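Each chain is listed here by its residues.
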Amino acid sequence: METTSSPLLQVDGVTLAFGGVKALTGVGFDVRPGSITAVIGPNGAGKTSLFNTISGFYKPASGAIRFKGEDITHVPAPQRARMGLGRSFQNIALFRGMTVLDNIKLGRHAHLKTNVLDALFYIGRARREEAALRRDVEERIIDFLEIDHIRHAPVSALSYGLQKRVEMARALAMQPQILMLDEPVAGMNREETEDMARFILDVREEWGVTVLMVEHDMGMVMDLSDHVVVLNFGQVIAQGTPAQVQADPEVIRAYLGAGDVGDLRAKLQRAA
Amino acid sequence: MRIGTLKETYTADAALFDSRTQKVWLAVAAALLVLFPFMASDYWLYLACLVSINVASATGLNILTGYTGLVSLGQAAFMGLGAYTVAVLETKVGTPFVLNLLAGGFVAMLGGLIVGIPSLRVKGLYLAIATIAASFIAHFIFANWKFTGGTGGLSVPPATLFGLPLDTSFRLYWLIVPVTVLMLLGAANLFRTRVGRAFIAIRDRDISAEVLGIPLLRYKLLSFGLSSFYAGVAGGLWAYFFRVVTPESFPLLMSIFFLAAIIVGGMGSILGGILGAVFMTMVPELLKLVVDLLPGGSELTVFLSPVRTVIFGLLIIGFLVFEPHGLAEVWRRIRRFFHLWPFRN
Amino acid sequence: MDWAYLFEISLTGIAGGGLYALAALAFVMVYKATRVVNIAIGEMLMAGAYLFFTFASMFALPLWLAIPAAVLGAGLLGAVIERTMIRPLLGEPPISVFMVTVGLASVLVGLVEMIWTADQRRLPDFMPTKPIMIGDAFLAPKVFWGAMIAVVFIAAVLLVFRFWRGGVALRATASDQAAAYSVGINVPRVFSLAWVASGMLAAISGIIVGSIGGISSSMGVFGLSVLVVVIVGGLDSVLGALIGGLLIGLIEALAGAYLGGEYKLLATFIVLVAVLLVRPYGLFGTHEIERL
């Protein structure tokens, strides 16, 4: 489901440095609306730093980030969330002091209007918003991700796979236009991975959400993505369709190293 | 065993008191609160008022430290701000007590906002230490400013309701307890909304919270402001209750008392704030009782103060080591037992 | 501008700062090894001083016995504290351990009041009493000799940290417990050692401070200034403890002399607030980077 309209998200020549270490150098790519774009690369390539820069946690030394044509490089992170940048985290960042339901509801924070006085008295706006939020979360998200049986469970009591699903639910509650998933199937078994893959496709189909994901599971990347961006040592070394990227000698070298093993692997892939 | 708690609407599921038994207990508690002053002696009325004030202040601290994770050792200083505001307004302006209490809350809130401003850069223990510094600075101002009566402090005329002076524990009960109940309800409501959730998110993972849409500085300041507002009102009630305010009325030890109260009671739970404040207020009284009953009683009273200090410290250490979720967790365990009985788990 | 007076006050301040530095060292020792902020450092100081008082005045032991006995006793106290209240909270959020030290401070003050009452006491003199003159400036002999003793111990600790295996082990345990375990460092033993050393250093500091100004159950307030010292210097920096100590000692002495005694603590706390706003990790502390 690809459209040829202007890119939803544009990363343009972004350079990020920590002291002397360059985490990202001149990284640039487009994310088309309605697409599933994967960012891959060996460990330490800068994938999570890239996500953090797009989210607004890091400020790039140079370059720009554009969302729906608007330059958001200097927009604070909470506002980016309100504009439609949803996010899940690599090492699950659920709030352990809350239940599943509260964690998910928290995703909607930036779109709600209740202020502290409304909250203290809990009449009028607070009550209405909470009721509407609950209904929406239950019917659209909890149902969709099949987590109704754990809605009141404290998140710390859940298995890893379920926690990842709740992360996804929270990201969906953010009413995102672009959903950034950082390693959504890390540590999952075959079955869980397939479930998550199905959810991601459904999210695109039913919600019209664009997906940008960091992933190591090559099977998932190749099967799901429309566009793949390969990072190594903070630079984009290749981008294109999954097939193009898979055959790219630079990419193979980055993952498997130069030399015999790399050549052998490349031969096997061509033969396959 | 707890059965038959089926909910048919989302609103019902989200209610504060959701089962029939809970509502019954609530009614009983309310009835007791109303009947209590007519049955109790002056001593118990005095204790009830003191407990109530402490519950109000502890709840405020719980919002800041228990729910938002911003450790503060400045609660007593904020109470002092409220108390002094009430004292000054009563003696120099003579405005009605409702206004004075609100003003006390606001002045304390301003203090809280000022202390909270660096909370974005200054985190965790550094913030705790900064609040100690703020306490000292406040104490210095109270003791050296003529406007606040210097080291002698100010004496506070009683609050008056349509000309009737509230100068006995019985009369003050009807001011202090309803105000406390309102404050408790407000705090409980807070955590059913996005504001409360934001506070908890800041406590658990503040950087992720920001990326999820929560402006950190605004909500940290909100937490500081709200909790110090609570402290200010509690301080104002304190002023009307004790009728004299001096710089030594709100020492650092009192801030430690409130921190201990929420640890003992259970941080991050409204019930915890209540249990902790009740417990910590009653422990010295219990101690006095024990000392009176012991044979060498009168000689031991000189040990009362240091023993109290030691027990204080031991309670903090003991609960942190053995029961970090406080009395509220103990209560929850008991409840669970009765909900599941005759089953085990 | 009375320069001679300024010089005299500064000298006293710096010498007093040496004492702060020693106590700050006790604090840094524990923080470096276990990442614990010990707010009861002032009370541990007090405990050491009272132990010395008991051995020297109440048991009338000779000085060469009383001082080591007090120091060892304080070391033992440190070990007991670590085992009973710090070790069980391994892995808990730092704020819990901080609160435990708050409780500890309370317990120590209460115990002292119970056993020795809250009255102020004098420690037996053991330092030379000839007034010290540097040029025209007068320096109280106790302050001078106390500072000298402090300097000796600070130098010793600095050397130990640098060169002794134990010092390296301490630093390793502080940066990464799991890694330290895996290279064979006995982590629990390192923790105990750190607290024992801290207790002993605090005791030495307490004995000196007590000799100068007497001992009482409110001696622990010294710890608040020490807290400022370690924040200014950096919670995990030995050098920072030294420089921070001298700095705070100087500032307090100047504030006390030119503004009045009650301004001492105020000046200290204003410095604290300023440092927290401008450079929260202190002059020499390590900056913690947050990862998302």
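Residues numbered from 1 in each chain as written. Chains lettered and ligands numbered in written order. Predicted model: local features only at pLDDT ≥ 70, side-chain atom pairs only at ≥ 80, totals over all residues.

Moving on: the overall build of chain C. Across its full length, chain C holds eleven helices and two strands. In chain C, the order of α-helices and β-strands from amino to carboxyl end is α-α-α-α-β-β-α-α-α-α-α-α-α. Expected size for 292 residues packed as a compact globule is a radius of gyration near 19 Å; at 19 Å, chain C falls within 12% of this value. Dimensions of chain C, computed from C-alpha atoms along their principal axes, come out at roughly 60 × 50 × 35 Å. Looking at chain C residue by residue over its 292 residues, the buried ones come to 53%. Of all intrachain contacts in chain C linking residues separated by at least 6 positions in sequence, the fraction that spans at least 24 positions is 77%. (Helix = DSSP H or I, 4+ residues; strand = E, 2+ residues; numbered from the N terminus. Rg over C-alpha atoms; globule rule 2.2 N^0.38 Å. Buried ≥ 20, exposed ≤ 12 C-beta atoms within 10 Å, placed from the backbone. Contact = placed C-beta atoms within 7 Å.)

Along chain A, the regular secondary structure elements total eleven helices and ten strands. Relative to its length of 272 residues, chain A is compact, with a C-alpha radius of gyration of 20 Å against a globular reference of 19 Å. Along the three orthogonal principal directions, the C-alpha set of chain A runs to about 70 × 40 × 40 Å. The 272 residues of chain A split such that 43% are buried.

Think of interface size as the accessible area that goes away when the parts come together; that is how it is often given. Residue and element names in this part refer to chain A. According to the domain assignment, chain A contains domain 1 (1-84 + 176-242) and domain 2 (94-173). Measuring from the centre of the C-alpha atoms in domain 1 to the corresponding centre in domain 2 gives 25 Å. Every element with two or more residues in the side of domain 1 that touches domain 2 is listed here: α2 (77-83) and α7 (190-207). (Domains from an automatic or database assignment.)

Next up on the list: the sheet that holds strand β8 (residues 210-214) of chain A. Strand pairs in the sheet, formed through backbone hydrogen bonds, run parallel or antiparallel to each other. Residues and elements named next belong to chain A. Pairing is mixed across the open sheet formed by six strands, whose spatial order is β6-β7-β8-β3-β9-β10. The sheet is open, and its two edges are formed by β6 (85-87) and β10 (235-240), each paired on a single side. Put simply, the sheet's adjacent strands are angled 20 degrees from each other on average, direction ignored. As paired elements, strand β7 (residues 178-182) and β8 share five bridges and run parallel to each other. Bridge pairing in β8 links Ile178 to Thr210. (Pairing = 2+ DSSP bridges. Axes fitted to C-alpha atoms, helices over the stretch in contact; angles between N-to-C directions.)

Each regular strand carries side chains that alternate between the two faces of the sheet. All names here are of chain A. Among the six residues of strand β9 (residues 227-232), five are classified as buried, and the element is accordingly described as predominantly covered. Pairing between strand β3 (residues 36-40) and β9: four bridges, direction parallel. If you follow Thr37 over to β9, its bridge partner there is His227. Bridge count between β9 and β10: five bridges; the pairing is antiparallel. In the strand pairing of β10, Asn232 is matched with Gln235. Between β9 and β10, which pair antiparallel one after the other, the connecting turn spans two residues, and Phe233 there sits at a positive phi close to 50 degrees.

Further remarks concern the packing of helix α1 (residues 3-34) of chain C against helix α8 (residues 187-213) of chain C. Residues and elements named next belong to chain C. Interaxial distance between α1 and α8 falls to 9 Å at its minimum, and their mutual angle equals 170 degrees. Put simply, α1 runs roughly antiparallel to α8. Across the interface between the two elements, Leu19, Leu22, Ala23, Leu25, Ala26, Met29, Val30, Ala33 and Thr34 of α1 pack against Val190, Phe191, Ala194, Trp195, Ala197, Ser198, Leu201, Ala202, Ile204, Ser205, Ile208 and Val209 of α8. Among the residues forming the contact of α1 with α8, the class breakdown is 18 nonpolar, three polar and no charged. (Parallel < 35°, antiparallel > 145°, perpendicular 65-115°, else oblique. Nonpolar A, V, L, I, M, F, W, Y, C, P; charged D, E, K, R; others polar.)

Time to look at the environment of Gly13(A). Residues and elements named next belong to chain A. Note that Gly13 resides in strand β1 (residues 9-18). Judged by C-beta crowding, with 13 C-beta atoms within 10 Å, Gly13 ranks as partly exposed. Sequence spacing of Gly13 and Thr25 is twelve residues, and the spatial spacing of their C-alpha atoms is 7.4 Å. Discounting residues that sit within four places of it in the chain, Gly13 has contacts with Gly26, Gly28, Ser62 and Gly63.

On to the interface of chain B and chain A. In this complex, chain B contributes 29 residues to the contact, which on the side of chain A involves 34 residues. Elements with a minimum of two residues in the side of chain B that touches chain A: α1 (10-13), α7 (169-190), α8 (194-211) and α9 (216-242) of chain B. A per-element tally of the side of chain B that touches chain A places α8(B) first, with 14 residues. Looking at the side of chain B that touches chain A residue by residue, the classes come out as 14 nonpolar, eight polar and seven charged.

One finds Ala260(B), Ala23(C), Ala24(C), Leu25(C), Ala49(C) and Phe52(C) to be the most contacted residues of the largest nonpolar core, which totals 292 residues. Per-element tally for this core: the top contributor is α1(C), with 16 residues. Summarising the domain contributions, this core has at least three residues from each of domain 1 (1-84 + 176-242) and domain 2 (94-173) of chain A. In this view, Leu25(C) contacts Ile154(C), Val157(C), Leu201(C), Val238(C) and Ala241(C); residues no more than four positions away in its chain are not counted. (Core = buried A, V, L, I, M, F, W, Y, C linked by C-beta atoms within 7 Å.)

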